[in-house]
Every structure is written in structure tokens, then in C-alpha cells.
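Now for the letters of each chain:
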Amino acid sequence: MGELKKQGMPEKRFPLHVRFYLAGIIVLIAGLASAALIFISTADYTGGELEYEITHSKSYEFQLERIGGKSAVLGVELTQWLVSLWHGKRLAFSVAFLSIGFAMICFWLADYYSSKYQRDNTEDSTG
């Protein structure tokens, strides 16, 4: 690459905002396609029957609240909910949501650097 610059040939690189925009499109397409494949190919995750019976019984919740208080019960429920997001059809929704979020961040960065790039180009042409 260094020889091309020395010979006077310009290096062909996209501006930063274009690269962020392309990255956002790639992340969005790949993420939604993956989510669709996961959704089609998996069944709902219900967890183990024994695990569900143990952790959702009244005596278990009573003992957990007695030992750790309401915060322990809420912590266990939150943990079980987070674990359930990474199995079955819920995994497809998690992947879709995360890919949309990352794509939105890429598009926001592309917009930010686009306005900065345009400002810099107008200053160079006037100055």
C-alpha cells in the first residue's frame, strides 16, 4: 500500500460514515436472518419440568423469602427470566432485538460522522 501512495495513486477508502452505514446494514441483515432461522428451527423452551416444579413451588418461594428476603425472590425471578431469553424461540427475539439495537447505533454513528464529514468538506472548500 505504501508504494501506491508514493507513486501518486490515491488510496481508495470509504469515508467513516459510509463504513458505519454499511456495517449497520450488514448487522441488521445478518441478525434478522439469523433470528428467522433460529425461530424456524427451534421449539419453545419450557425448561426442565422438575426444575420448574422446584423453583415455582410455594414452599421454595417461602423458604427463599425467609432466608434472603423479597430481594432474593426478585433476584431469582430475574435470573430465571434472563436465562429463558437464551433458549428456544425467545433466543430468536433476543437476537433480533440485539441486532436492531446494534444497527441503530451504527446508523446513529454514520449520521453523526456524516454531518461532521460534510462540515469539514465545506470548511476546506471555503477556506
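All of these numbers come straight from a predicted model, not from anything done at the bench.

(A) A look at the overall build of the protein. Each helix and strand in the protein was counted, giving 6 helices and 0 strands. Listed by position from the N terminus, the elements making up the protein come as α-α-α-α-α-α. The buried share of the protein, taken over its 127 residues, is 14%. Considering only intrachain contacts with a sequence separation of at least 6, the fraction spanning at least 24 residues in the protein is 73%. Of the accessible surface of the protein, which amounts to about 10,000 Å², a share of 66% is contributed by carbon and sulfur atoms.

(B) Main features of the side chain of H17. Relative to the helices and strands, H17 resides in helix α2 (residues 16-41). Filtering out sequence-adjacent residues up to four positions away, H17 remains in contact with A110, Y113, S114 and Y117.

(C) Representation of α2 within the structure. Here α2 is 26 residues long and its end C-alpha atoms lie 37 Å apart, about the 38 Å a rise of 1.5 Å per residue gives. Of the positions making up α2, those classed as buried are H17, G24, G31, A35 and I38.

(D) Highlighting the packing of aromatic side chains. By the definition in use, this model includes 5 aromatic pairs. Ring centres 6.0 Å apart and planes at 15° place the aromatic pair W108 and Y112 in the stacked group. A residue pair is termed a helical-turn pair when its members lie 3 or 4 positions apart in one helix, as W108 and Y112 do in helix α6 (residues 88-126) at 4 residues. Of the residues examined, Y112 reaches a relative accessible area of 39% and is grouped as partly exposed. Aromatic side chains Y112 and Y113 sit 5.1 Å apart centroid to centroid with 75° between the ring planes, which places their arrangement in the edge-to-face category. Three or more aromatic residues link up through ring pairs in this structure, and these residues are F20, W108, Y112 and Y113.

(E) Structural context of the packing of helix α4 (residues 58-68) against helix α5 (residues 70-84). It is at 6 Å that the axes of α4 and α5 come closest, and there the two elements cross at 125°. Here α4 is positioned oblique relative to α5, judged by the angle of their axes. In this structure, α4 contributes Y60, E61, L64, E65 and G68 to the contact, and α5 contributes K70, S71, A72, V73 and V76. Classifying every residue of the contact of α4 with α5 gives 5 nonpolar, 2 polar and 3 charged.

(F) Main features of the environment of A36. Tracing the chain through its elements places A36 in helix α2. Considered as a pair, A36 and A96 are 60 residues apart in the sequence and their alpha carbons are 8.3 Å apart.

(G) Up close: the environment of T79. In this structure, T79 sits in helix α5. Note on T79: relative accessible area 47%, which makes it partly exposed. For T79, the side chain forms a polar contact with the main-chain oxygen of G75, separated by 2.8 Å.

(H) Focus on a nonpolar patch on the surface. Together, W86, F97, L98, F102 and I105 make up an exposed nonpolar region whose accessible area comes to about 580 Å². Considering the arrangement of structural elements, one finds W86 in the loop between α5 and α6. Using a relative accessible area of 47% as the deciding quantity, one classes W86 as partly exposed.

Parameters and conventions
Residues numbered from 1 in each chain as written. Predicted model: local features only at pLDDT ≥ 70, side-chain atom pairs only at ≥ 80, totals over all residues. Heavy atoms only, no water. Helix = DSSP H or I, 4+ residues; strand = E, 2+ residues; numbered from the N terminus. Buried < 20%, exposed > 50% of the residue type's maximum accessible area, 1.4 Å probe, protein only. Contact = heavy atoms within 4.5 Å. Areas by Shrake-Rupley, 256 points an atom, 1.4 Å probe, with all protein chains shown as cover. Expected span 1.5 Å × (residues − 1). Phe/Tyr/Trp six-rings, centres within 6.5 Å; stacked < 30°, edge-to-face > 60°. Axes fitted to C-alpha atoms, helices over the stretch in contact; angles between N-to-C directions. Parallel < 35°, antiparallel > 145°, perpendicular 65-115°, else oblique. Nonpolar A, V, L, I, M, F, W, Y, C, P; charged D, E, K, R; others polar. Polar contact = N/O pair within 3.5 Å; in protein donor to acceptor, adjacent residues only side chain to side chain. Patch = residues over 30% accessible without salt bridge, like charges linked within 9 Å, V, L, I, M, F, W, Y side chains within 5 Å. Salt bridge = Lys/Arg side-chain N within 4 Å of Asp/Glu carboxyl O.

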